[in-house]
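# A look at the structure
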There are 2 protein chains.
Amino acid sequence: MPHVTLNMVARKAGVSKTTASLVLNGKADRLNIASGTQERVKQIAKELNYQPGHFNPGRLNGKTGIIGVVASQFSSYPNNLWFNHVVTILQLNKYVAIPILLREETRTLNNIVAADGYLLLDEKAVSLFEKVKNSDTKAICCGFQTEKEDFKCIHPNWRDMVNEMVAALYQYNRKAIGLVTKDSQKISTQTIINTYRENYCDRFDIQENICYISENQYTSEAIAKACMSLVDKGVNGVIFESGDMVQKALLERNIRQLLTTRKVLFACYGERPEFNVFEQDGLLIIPENIEAMAQETVNNVLKKTT
Amino acid sequence: MPHVTLNMVARKAGVSKTTASLVLNGKADRLNIASGTQERVKQIAKELNYQPGHFNPGRLNGKTGIIGVVASQFSSYPNNLWFNHVVTILQLNKYVAIPILLREETRTLNNIVAADGYLLLDEKAVSLFEKVKNSDTKAICCGFQTEKEDFKCIHPNWRDMVNEMVAALYQYNRKAIGLVTKDSQKISTQTIINTYRENYCDRFDIQENICYISENQYTSEAIAKACMSLVDKGVNGVIFESGDMVQKALLERNIRQLLTTRKVLFACYGERPEFNVFEQDGLLIIPENIEAMAQETVNNVLKKTT
């Protein structure tokens, strides 16, 4: 079955494309189009099962009907998952997503397409995007908290995430819980550390076991070593600050063996394809619920633009 | 530094946006714009370091400047990698990519955006796309061979891939090579089977060791069992028809142990994030070279449209 276009409806009804459009958009009465013509167009549209195209900037009163989705890359987790959900939700809202890649190495700033709003998928893209945004540009960060001002951010609730990780480890009777985290002042990291202290150490009167990884030694070896030092101290459940950190740790064979023997359980938030393989072996993954966050983000960006 | 717009140039030069545009697009002489005005506009554009926007459908002589990228999802490998490369290359060619999700369950056919050409990322999207395409729609399949006619396909050279896998296994002295493959009539599968027979079994006079997985038992258990049956027959190098198959096999712990003990080496083509963890343990991965294929695909789709 070929796609039914407005043109096909108009031709079969013997009217112009404009007339057909006016009738099907409910504007015919205002313009004194004969009621017989109106009926005929509607009948034929029904017969042909005509579905008006979704992307219809005209309907938007001067808006573009476009939302720019900005990232330094679209192929890595969680950007790819965010992108997929955002495109789905925008399509359902009759908007078109336009992917915009911003990278230092290319003169990509000229590629910013005019849009009603922008969704930013990663921190790398934020500083480049800042150079081109105006004061009235609607821009929302998806899944992370930038330190730049003027950007609304929809991100996971890190406090809840830590509580869920502690609960998951408890469920498997792993009550000696340590934390491996970056040595960072970022809000997300600080929230995770504070929640671990307050809702686990203080609450159960347990001594804290935190290993800090500095930014300049963020390697799989360093992370694996930090993890092992916790295990040597008797820790049997390890919370990692991020999925990225677990992924790096798992590159080390001794860490993979910890999981296989189930001597220790790991917990992190954020799904990744790599984790499917290990989930059954003792990697507890708290989902980020990107789909719900994407819905919230799209609601936010469309609020101002419709 | 804020992004310099055409408007800013026009305002500073004291001319209209139209005049500024005509001057900077080299059309001023034809329209008798005073040479003093021309000089002033050019000088100010230079001072402000004005970079004209890339997305400029007007320049394209009636073309949209848009390439639709069609998929049933953008979040899984290799679709996400294809998408990333394609967006990059299209941006460099001053085209805009518009992602189009086509899925059975939603009435997505109305979401097809008019474009100069379409790139299809997966087979699932092809049959839905077929319903909306016209005879003159330029559409190219990225990375796979569809059985539908009328679609040009840019895909890996499976023959070369098998030869590279055999060579990689030989390099590690694994000369008893078996093949795990789907029981399928698809061109890709048949090419892989034939190459294994001709360039390995026949050439070295070795008996073939093929395990076929039928479509309706395509589970990780079945694949793991097939793999184990080959190992029991003395196979020490296993070629898998696809990365997807290896990923499923690795969900089984006994298969992961085969790798860790390096009793057997696995080979497949196509990178996946899951494989990073196992690569050092004896998983030989022949890259698909998606970036080069994406370049070829974009060259092809733009050929007819520029």
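Worth saying up front: this structure is predicted, and the values here are computed from it rather than measured.

Criteria and thresholds
- Residues numbered from 1 in each chain as written.
- Chains lettered and ligands numbered in written order.
- Predicted model: local features only at pLDDT ≥ 70, side-chain atom pairs only at ≥ 80, totals over all residues.
- Heavy atoms only, no water.
- Helix = DSSP H or I, 4+ residues; strand = E, 2+ residues; numbered from the N terminus.
- Buried < 20%, exposed > 50% of the residue type's maximum accessible area, 1.4 Å probe, protein only.
- Contact = heavy atoms within 4.5 Å.
- Phe/Tyr/Trp six-rings, centres within 6.5 Å; stacked < 30°, edge-to-face > 60°.
- Lys NZ or Arg CZ within 6 Å of the ring centre and 35° of its normal.
- Pairing = 2+ DSSP bridges.
- Axes fitted to C-alpha atoms, helices over the stretch in contact; angles between N-to-C directions.
- Domains from an automatic or database assignment.
- Buried area = accessible area lost by both parts, 1.4 Å probe.
- Salt bridge = Lys/Arg side-chain N within 4 Å of Asp/Glu carboxyl O.
- Polar contact = N/O pair within 3.5 Å; in protein donor to acceptor, adjacent residues only side chain to side chain.
- Parallel < 35°, antiparallel > 145°, perpendicular 65-115°, else oblique.
- Left-handed = near helix turned anticlockwise from the far one by under 90°.
- Nonpolar A, V, L, I, M, F, W, Y, C, P; charged D, E, K, R; others polar.
- Core = buried A, V, L, I, M, F, W, Y, C linked by side-chain atoms within 4.5 Å.

### Details of the overall build of chain A
In terms of helices and strands, chain A carries 12 helices and 10 strands. Projected onto its principal axes, the C-alpha positions of chain A cover 85 × 40 × 35 Å. Residues counted as buried form 53% of the 306 residues belonging to chain A. The contacts in chain A between residues at least 6 apart in sequence include a share of 63% that link residues at least 24 apart.

### Here we look at the packing of aromatic side chains
Counting across every chain of the model gives 18 aromatic pairs over all chains. The rings of Phe74(A), Phe83(A), Phe74(B) and Phe83(B) are connected pair by pair, giving a single aromatic cluster. Over the face of the ring belonging to Phe278(B) we find Arg256(A), whose NZ or CZ atom lies 5.8 Å from the ring centre.

### Some words on the sheet that holds strand S1 (residues 66-71) of chain B
Residue and element names in this part refer to chain B. A sheet is described by the order of its strands in space; here five strands give the open sequence S2-S1-S3-S4-S5, paired in parallel fashion. Across the chains shown, the open sheet's two edge strands, defined by having one partner strand only, are strand S2 (96-101) and strand S5 (152-154). Each strand of the sheet is rotated relative to its neighbour by a mean of 25 degrees, with strand direction disregarded. Inspection of the sheet shows S1 paired to S2 by six bridges, in the parallel sense. Each residue of the ladder has a partner; that of Ile-67, found in S2, is Ala-97. Each of S1, S2, strand S3 (117-120), strand S4 (139-142) and S5 is contacted by helix H4 (residues 79-92), which is oriented at about 180 degrees to S1, the strand it contacts most.

### Brief notes about the domain arrangement of chain A
All names here are of chain A. Its domain assignment divides chain A into domain 1 (6-53), domain 2 (58-155 + 292-303) and domain 3 (158-287). Taken together, the contact between domain 2 and domain 3 spans four residues of the former and six residues of the latter. Interface area for domain 2 against domain 3, summed over the two sides, is near 550 Å², with a carbon-plus-sulfur share of 65%. The three residues of domain 2 that bury the most area against domain 3 are Tyr-77, Gln-145 and Glu-147, which together make up 78% of that side's buried surface. Seen at the junction of domain 2 and domain 3, the total is zero salt bridges. At the boundary of domain 2 and domain 3, one finds one residue pair in polar contact (both at pLDDT 80 or more).

### Looking at the side chain of Asn84(A)
The topology assignment puts Asn84(A) in helix H4 (residues 79-92). Assessed through its relative accessible area of 6%, Asn84(A) is described here as buried. Engagement of the side chain of Asn84(A) in a polar contact is seen with the backbone nitrogen of Phe74(B), the distance being 2.6 Å. In this view, Asn84(A) contacts Gln73(B), Phe74(B), Ser75(B), Leu101(B) and Arg103(B); residues no more than four positions away in its chain are not counted.

### Description of the packing of helix H6 (residues 158-171) of chain B against helix H7 (residues 187-204) of chain B
Residues and elements named next belong to chain B. Contact pair H6 / H7: the axes reach a minimum separation of 8 Å and the direction vectors enclose 45 degrees. With respect to their mutual orientation, H6 and H7 come out oblique. As H6 packs across H7, the resulting crossing turns out to be right-handed. Here H6 contributes Trp-158, Arg-159, Val-162, Asn-163, Val-166 and Tyr-170 to the contact with H7, which in turn contributes Ile-187, Ser-188, Thr-191, Ile-192, Thr-195, Tyr-196, Glu-198, Asn-199, Tyr-200 and Phe-204. Its residues placed into classes, the contact of H6 with H7 shows nine nonpolar, five polar and two charged.

### Structural notes on the nonpolar core
In terms of nonpolar packing, the biggest core is built from 57 residues, with Phe240(A), Phe266(A), Phe240(B) and Phe266(B) touching the most fellow members. If you tally residues by element for this core, the top one is helix H8 (residues 220-232) of chain B, at seven residues. When residues no more than four places from it in sequence are discounted, the contact partners of Phe266(A) are Cys227(A), Val238(A), Phe240(A), Ile255(A), Leu258(A), Leu259(A), Gly282(A), Leu283(A) and Leu284(A). With 50 residues, the next largest nonpolar core counts Tyr95(A), Leu119(A), Ile140(B) and Met293(B) among its residues.

### Let's talk about the pairing of strand S8 (residues 237-240) of chain B
All names here are of chain B. In S8, alternate side chains face the same way, and those of Gly-237 and Ile-239 on one face and Val-238 and Phe-240 on the other are all buried. Pairing between strand S6 (residues 177-182) and S8: four bridges, direction parallel. When the sheet's bridge partners are listed, Ile-177 is paired in S8 with Gly-237. Here three bridges tie S8 to strand S9 (residues 265-269), and the two strands are oriented parallel to one another. The partner of Gly-237 across the bridge, within S9, is Leu-265.

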